[in-house]
Amino acid sequence: MPDPDYWQQVCQMYPDAPVRYEGFLPTQQLQQVLGQCRGLLMTPRWVEAFGNVAIEALACGVPVIAYRRGGPAEIVQDGKTGWLVEPDSVDELVQAIAHLDPIDRHTCRQQAEAQYSMTAMGDRVEAWFDDILKSAG
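Not measured: the values here are computed from a predicted model.

Caption draft 1: Up close: the overall build of the protein. The helix and strand inventory of the protein stands at seven helices and three strands. N-terminal to C-terminal, the α/β element order of the protein is α-α-β-α-β-α-β-α-α-α. Scored against the burial criterion, the 137 residues of the protein give a buried share of 26%. Sequence separation of 24 or more characterises 43% of the internal contacts of the protein that already satisfy a separation of 6 or more. When the accessible surface of the protein is totalled, it reaches about 9500 Å², and 55% of it is carbon and sulfur. Considering the protein, the positive charge centre built from 10 side chains and the negative charge centre built from 19 side chains are found 3 Å apart.

Caption draft 2: Focus on the pattern of salt bridges. Taken as a whole and judged by the stated rule, the model has six salt bridges. The closest approach of N and O atoms between Arg-109 and Glu-113, which form a salt bridge, is 2.6 Å. One end of the pair, Arg-109, and the other, Glu-113, are both in helix α6 (residues 105–116), four residues apart, so they sit about a helical turn from each other. Arg-109 gets classed as partly exposed once you look at its relative accessible area, which sits at 35%. Lys-134 is the partner of Asp-130 in a salt bridge, and the nearest nitrogen-oxygen pair spans 3.1 Å. One end of the pair, Asp-130, and the other, Lys-134, are both in helix α7 (residues 118–136), four residues apart, so they sit about a helical turn from each other.

Caption draft 3: Spatial organisation of the packing of aromatic side chains. Across all of its chains, the model carries three aromatic pairs by this definition. Both rings, one in Trp-7 and one in Tyr-21, keep their centres 6.0 Å apart while their planes meet at 50 degrees; by these two values the pair is tilted. Of the two residues, Trp-7 is situated in helix α1 (residues 4–13) and Tyr-21 in the loop between α1 and α2 (27–35); the sequence distance between them amounts to 14 residues.

Caption draft 4: Seen up close, the nonpolar core. Counting 17 residues, the largest nonpolar core has Leu-40, Ala-57, Leu-58, Val-64, Ala-66 and Ile-75 as the members making the most contacts within it. Mapped by element, the contributors of at least two residues to this core are β1 (40–42), α3 (52–59), β2 (64–67) and α6. When residues in this core are grouped by element, the largest group, four residues, is from α3. Counting six residues, the second-largest nonpolar core is a separate cluster that includes Ile-65, Tyr-67, Leu-93 and Leu-100.

How each quantity is defined
Residues numbered from 1 in each chain as written. Predicted model: local features only at pLDDT ≥ 70, side-chain atom pairs only at ≥ 80, totals over all residues. Heavy atoms only, no water. Helix = DSSP H or I, 4+ residues; strand = E, 2+ residues; numbered from the N terminus. Buried < 20%, exposed > 50% of the residue type's maximum accessible area, 1.4 Å probe, protein only. Contact = heavy atoms within 4.5 Å. Areas by Shrake-Rupley, 256 points an atom, 1.4 Å probe, with all protein chains shown as cover. Lys, Arg positive; Asp, Glu negative; His and termini not counted. Charge placed at Lys NZ, Arg CZ, Asp CG, Glu CD. Salt bridge = Lys/Arg side-chain N within 4 Å of Asp/Glu carboxyl O. Phe/Tyr/Trp six-rings, centres within 6.5 Å; stacked < 30°, edge-to-face > 60°. Core = buried A, V, L, I, M, F, W, Y, C linked by side-chain atoms within 4.5 Å.

By themselves, these observations are geometric and do not establish any function.
Shown next, in the form of structure tokens:
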């Protein structure tokens, strides 16, 4: 845990909050635990360049709520695989959490497979090389 004092402060401020810290888990156990979550809240203060965490959640069929900036804004399909909210808007985060149930978890998994699986990524790299070769010829 990067900041145990902060975690203790949160626990004391919100003793009835349904959250818990699971620590660092091996991949298979992480996938099991993540797959049981109602949603993933992704709220970095910096611009996340890509968003592996969002893709991992979608692959487990978990909708993602993220700020509308950086990589997650390109990954999450607003209203389909999660919700995008204005950065640092706690009110919008709360509203998005309240609207998680209509998000289809199977659609989340399908997006991860279609866009971010090894096959999908390999196909994009192959197409990229093909374009390079065609333009060089």
